Amino acid sequence: GQQVMQIPQYQHVQEGEDFTTYCNSSTTLSNIQWYKQRPGGHPVFLIQLVKSGEVKKQKRLTFQFGEAKKNSSLHITATQTTDVGTYFCAGLGGYQKVTFGTGTKLQVIP
Amino acid sequence: NAGVTQTPKFRILKIGQSMTLQCAQDMNHNYMYWYRQDPGMGLKLIYYSVGAGITDKGEVPNGYNVSRSTTEDFPLRLELAAPSQTSVYFCASSTGNTIYFGEGSWLTVV
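How each quantity is defined
- Residues numbered from 1 in each chain as written.
- Chains lettered and ligands numbered in written order.
- Predicted model: local features only at pLDDT ≥ 70, side-chain atom pairs only at ≥ 80, totals over all residues.
- Heavy atoms only, no water.
- Helix = DSSP H or I, 4+ residues; strand = E, 2+ residues; numbered from the N terminus.
- Rg over C-alpha atoms; globule rule 2.2 N^0.38 Å.
- Contact = heavy atoms within 4.5 Å.
- Areas by Shrake-Rupley, 256 points an atom, 1.4 Å probe, with all protein chains shown as cover.
- Buried < 20%, exposed > 50% of the residue type's maximum accessible area, 1.4 Å probe, protein only.
- Lys, Arg positive; Asp, Glu negative; His and termini not counted.
- Charge placed at Lys NZ, Arg CZ, Asp CG, Glu CD.
- Buried area = accessible area lost by both parts, 1.4 Å probe.
- Polar contact = N/O pair within 3.5 Å; in protein donor to acceptor, adjacent residues only side chain to side chain.
- Nonpolar A, V, L, I, M, F, W, Y, C, P; charged D, E, K, R; others polar.
- Disulfide = S-S within 2.5 Å.
- Core = buried A, V, L, I, M, F, W, Y, C linked by side-chain atoms within 4.5 Å.
- Pairing = 2+ DSSP bridges.
- Axes fitted to C-alpha atoms, helices over the stretch in contact; angles between N-to-C directions.

J.: Quick rundown of the overall build of chain A? Include the residues and the values.
T.: Of the regular secondary structure elements, chain A holds zero helices and 11 strands. Helices (α) and strands (β) of chain A occur, in sequence order from the N terminus, as β-β-β-β-β-β-β-β-β-β-β. Its C-alpha radius of gyration of 13 Å places chain A within 12% of the 13 Å reference for a compact globule of 110 residues. C-alpha atoms of chain A, sized along the principal axes, occupy 40 × 25 × 20 Å. A separation of at least 24 residues holds for 52% of the contacts in chain A among residues at least 6 apart in sequence. If you sum the accessible surface of chain A, you get close to 5400 Å²; carbon and sulfur atoms cover 52% of it.

Okay, here's the thing in structure tokens:
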């Protein structure tokens, strides 16, 4: 079945440093979505990428979808303590089956 | 709009007991999902549904059952609870794009 892996599993950064998480799927995806989960909370939708090579920005966050539609990345510029949480990518396969990546837990040190 | 509502929020179950986690959404979404999240881990798909009367297995369906008699409701049934089912359970719904999560149900099996 479809597998979606993310690296790194954990990342500690000093506040102000940049952060990147990478997402790789075993199969080609129709689209990819990114979610953020704060500690003790539920995942919250950030963005969806659909087109091959697509790049989208949300303030300090930059999202990319690979040319082969099998990988994606999320880059945060100048991290803040409010960025703390776990970031998940999620790939849409056949029949609306959504598979979440393993997640990257971000800790920001003030 | 209440969004996705899950009950109960917390439950302690004894080994061998059965229970149903309730999930309801008021957004008229066709797609609904049940995920489990073990401590510090990612989201694993248990079951999903693309519409009333249609359900399908996800990655970890063993020990669970679902039904989808209406668009709004998607209950998850645990039969013969085992300690390995201690987890946080998230119900979610989607239009096919953004996935909206409930706040989660914390289940402990002792």
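J.: Pulling in residues and values, what's your account of the overall build of chain B?
T.: Summing up its helical and strand segments, chain B has zero helices and 11 strands in all. Along chain B, helices and strands appear, N-terminal first, in the series β-β-β-β-β-β-β-β-β-β-β. Computed over C-alpha atoms, the radius of gyration of chain B comes to 13 Å, within 12% of the 13 Å expected from 2.2 N^0.38 for 110 residues, which places it in the range of a compact globule. In chain B, which comprises 110 residues, the proportion classed as buried is 47%. At a minimum sequence separation of 6, the contacts of chain B that also span at least 24 residues come to 52%. For chain B, the exposed area adds up to about 5100 Å²; of that, 51% sits on carbon and sulfur atoms. In chain B, the 8 positive side-chain charges and the 8 negative ones have mean positions that sit 9 Å from each other.

J.: Describe in detail the interface of chain B and chain A, supporting the description with residues and values.
T.: Accessible area lost during the coming together of the parts is what is often quoted as the interface size. Facing 23 residues of chain B, the contacting portion of chain A comprises 19 residues. Around 1600 Å² of area is buried between chain B and chain A when both sides are counted, 56% of it from carbon and sulfur atoms. Contact with chain A buries area across many residues of chain B, yet Leu43(B), Ile99(B) and Phe101(B) alone supply 27% of it, more than any other trio. Put simply, chain B and chain A have five residue pairs in polar contact (both at pLDDT 80 or more) between them. Contributing elements (two or more residues each) for the side of chain B that touches chain A: strand 4 (31-37), strand 5 (43-51) and strand 10 (99-101) of chain B. Looking at the side of chain B that touches chain A, its residues break down into 12 nonpolar, eight polar and three charged.

J.: So, the state of the cysteines: which residues are in play, and what are the values?
T.: Taken as a whole and judged by the stated rule, the model has two disulfides over all chains. The disulfide bridge from Cys23(A) ends at Cys89(A), spanning 2.0 Å between sulfur atoms. As the torsion about the S-S bond is roughly 80 degrees, the Cys23(A)-Cys89(A) disulfide counts as right-handed. One end of the pair, Cys23(A), is in strand 3 (residues 19-25); the other, Cys89(A), is in strand 9 (residues 85-92), and 66 residues separate them in sequence. Here Cys23(A) matches Cys89(A) in class, with each residue buried. Bridging Cys23(B) to Cys91(B), the disulfide has an S-S length of 1.8 Å.

J.: How would you sum up the nonpolar core? Please name residues and give values.
T.: Among the nonpolar cores identified, the biggest contains 20 residues, and Trp34(A) and Phe63(A) are the most heavily contacted of them. The set of elements that each furnish at least two residues to this core consists of strand 3, strand 4 (31-37), strand 5 (44-49), strand 7 (61-65), strand 8 (71-76), strand 9 and strand 11 (104-109) of chain A. Counting residues in hydrophobic clusters, the runner-up holds 19 residues, among them Val4(B), Met19(B), Phe74(B) and Tyr89(B).

J.: Any chance you could break down the sheet that holds strand 3 of chain A for me, citing the residues and the numbers?
T.: Residues and elements named next belong to chain A. Taken in spatial order, the five strands line up as 1-3-8-7-6 in an open sheet, and their pairing is antiparallel. One side of each edge strand has no neighbouring strand; the edge strands of this open sheet are strand 1 (4-7) and strand 6 (55-58). Between one strand axis and the next, the sheet turns by 15 degrees as a mean value, whatever way the strands run. Taken together, the five bridges between strand 7 and strand 8 define a ladder with antiparallel strand orientation. Paired with Leu-61 across the bridge in strand 8 is Ile-76.

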